[in-house]
Amino acid sequence: MVTVKKLAVVTGGSKGIGRAVCIELAKAGYDIVVNYRSDEQGAAETLRAVIGQGAGGKTMRFDVSNRDETQEAVREIAGSYESVDVLVNNAGIHADGLFVMMPHEDWDAVIDTTLRGFYNVTRPLLEKMIFRKRGSIVSIASVAALIGNRGQANYAAAKAGLIGASRALASEVARLGVRVNVVAPGLIETEMIKGAPIENIKALIPMARTGKPEEVAKVVRFLCSDDASYMTGQVISVNGGMF
Ligand code: NDP
């Protein structure tokens, strides 16, 4: 059993917002389990950056939408670390298209990654947090959940579901020492938005620019910290002023 000062599990940590979250939490003194699905090199790069901050950790490959894979991985985490202090449900995909033409595979893949992923990872780790009466769970939703972007019915449904699940869970565990919050980013410069009509979308953003992964990660770090000790069940937008 490994005893670390504080442990954070971050899903989808091989790039983008997830990598920035891993680095911010490492700066805050957490050792990090960097989950990834396919980008082993990216995850290793994240871990190097985490170690560069003086923290420890490891990479773990599992597909959060796959119940068996996740169960095995989470069992290993729970068995090898004494505590899990923070969980960041960040893994996500999009498969955009008009609903009327959307193949069921695209509907299922997006919903499964976000919502099955939330269940598969959160439920077993939550047991560990409840046992210690301490923990913080932050899930990454999207502005799409709040405004319902055209061409993103699957993504908006998944992210809105994540908000509902988080709020319900927050009220179930508030008295057990576990806080559950959501961050809803706007347009953030990562691989996910490559190919999106960024100039057109910028016109809709009051700050007239895209956000950086670090700007999301700092808010996640705050929500995970004791500075946010009276916050649970909240959805915090990080989107350059859209509402
Ligand atoms: P990226 O595409 O850059 O990164 C996505 C990450 O999620 C990768 O590490 C990827 O792993 C991982 N991932 C995807 N599916 C799975 C899975 N089934 N199991 C485990 N890991 C998985 O995206 P962003 O950094 O932009 O997005 C991070 C989160 O923020 C997502 O939930 C996204 O929906 C949300 N978001 C992003 C916005 C943006 O504008 N960028 C806006 C609003 C929300 P690998 O590469 O190893 O496959």
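Residues numbered from 1 in each chain as written. Predicted model: local features only at pLDDT ≥ 70, side-chain atom pairs only at ≥ 80, totals over all residues. Heavy atoms only, no water.

S.K.: Can you lay out the pairing of strand β3 (residues 57–61) for me, pointing to particular residues and giving the numbers?
M.R.: Sheet topology places strand β2 (residues 31–36) next to β3; five bridges connect them, and they run parallel. Of the residues in β3, the one forming a bridge with Val34 is Thr59. Taken together, β2, helix α2 (residues 40–52) and β3 form a β-α-β motif whose crossover is right-handed. (Pairing = 2+ DSSP bridges. Helix = DSSP H or I, 4+ residues; strand = E, 2+ residues; numbered from the N terminus. Right-handed = clockwise from strand over helix to strand, strands pointing away.)

S.K.: An account of the nonpolar core is requested, with residue identities and associated values reported.
M.R.: One finds Leu7, Val9, Ile77, Leu125 and Ile137 to be the most contacted residues of the largest nonpolar core, which totals 30 residues. Elements with a contribution of two residues or more to this core: β1 (7–10), α3 (67–80), α4 (104–132), α6 (153–173) and β6 (178–185). Residue contacts for Val9: discarding those within four places in its chain leaves Val33, Ile77, Val84, Val86, Leu87, Val88 and Leu125. In this structure, Ile32, Tyr36, Val86 and Ala228 belong to the second largest nonpolar core, which totals 29 residues. (Core = buried A, V, L, I, M, F, W, Y, C linked by side-chain atoms within 4.5 Å. Buried < 20%, exposed > 50% of the residue type's maximum accessible area, 1.4 Å probe, protein only. Contact = heavy atoms within 4.5 Å.)

S.K.: Hey, could you go over the site of the ligand for me, with residue numbers and the actual values?
M.R.: Around the ligand lies a shell of 32 residues, among which Ser14, Lys15, Ser38, Tyr155 and Thr190 are the nearest. A distance of 2.7 Å separates an oxygen atom of the ligand from a polar side-chain atom of Ser38. Here an oxygen atom of the ligand and a side-chain polar atom of Lys159 are 2.8 Å apart. Taking 900 Å² as the accessible area of the ligand by itself, protein coverage stands at 95%. (Near = heavy atom within 4 Å. Polar contact = N/O pair within 3.5 Å; in protein donor to acceptor, adjacent residues only side chain to side chain. Areas by Shrake-Rupley, 256 points an atom, 1.4 Å probe, with all protein chains shown as cover.)

S.K.: Residues and numbers for the packing of helix α1 (residues 16–27) against helix α8 (residues 213–224), please.
M.R.: At a minimum axis distance of 8 Å, the contact between α1 and α8 shows a crossing angle of 50 degrees. Between α1 and α8, the angle falls in the class oblique. Crossing of α1 over α8 shows right-handed handedness. Between α1 and α8, the residues in contact are Gly16, Ile17, Ala20, Val21, Glu24, Leu25 and Lys27 and Pro213, Glu214, Val216, Ala217, Lys218, Val220, Arg221 and Cys224, respectively. (Axes fitted to C-alpha atoms, helices over the stretch in contact; angles between N-to-C directions. Parallel < 35°, antiparallel > 145°, perpendicular 65-115°, else oblique. Left-handed = near helix turned anticlockwise from the far one by under 90°.)

S.K.: Lay out the state of the cysteines in plain terms, naming residues and giving numbers.
M.R.: Inspection of the entire model under this criterion finds zero disulfides. Of all cysteine sulfurs, the one in Cys224 lies closest to Cys22, which takes part in no disulfide; the gap is 11 Å. Judged by its relative accessible area of 0%, Cys22 falls in the buried class. Here Cys224 falls in the buried class, since its relative accessible area comes to 5%. (Disulfide = S-S within 2.5 Å.)

S.K.: Can you break down empty space enclosed by the protein residue by residue, with the values?
M.R.: The final tally for this structure, using the stated rule, is one cavity of 30 Å³ or more. Taken as a whole, the largest cavity holds about 70 Å³ of empty space. If you trace the largest cavity, you find 13 residues lining it, with Asn89, Ala91, Thr113, Thr114 and Phe118 closest to the centre. Taken together, the elements giving at least two residues each to the lining of the largest cavity come down to α4 and α6. At five residues, the largest contribution of residues to the lining of the largest cavity is made by α4. Looking at side-chain class alone, the lining of the largest cavity contains six nonpolar, six polar and one charged residues. (1 Å grid on protein atoms, 1.4 Å probe; cavity = no way out; pocket = protein on both sides within 12 Å on 5 of 7 lines; lining within 4 Å. Points joined across faces, edges and corners; volume = space filled by probe spheres on them. Nonpolar A, V, L, I, M, F, W, Y, C, P; charged D, E, K, R; others polar.)

S.K.: Quick one: what's the story with the environment of Phe99, residue by residue and with numbers?
M.R.: Within the secondary structure, Phe99 is located in the loop between β4 (86–89) and α4. Taking the C-alpha atoms as reference points, Phe99 and Gln234, separated by 135 residues in sequence, lie 29 Å from one another.

S.K.: I'd like a description of the side chain of Thr122, backed by residues and values.
M.R.: Within the secondary structure, Thr122 sits in helix α4. Residues within four places of Thr122 in sequence aside, it is in contact with Leu87, Asn89, Gly117, Ile137 and Leu169.

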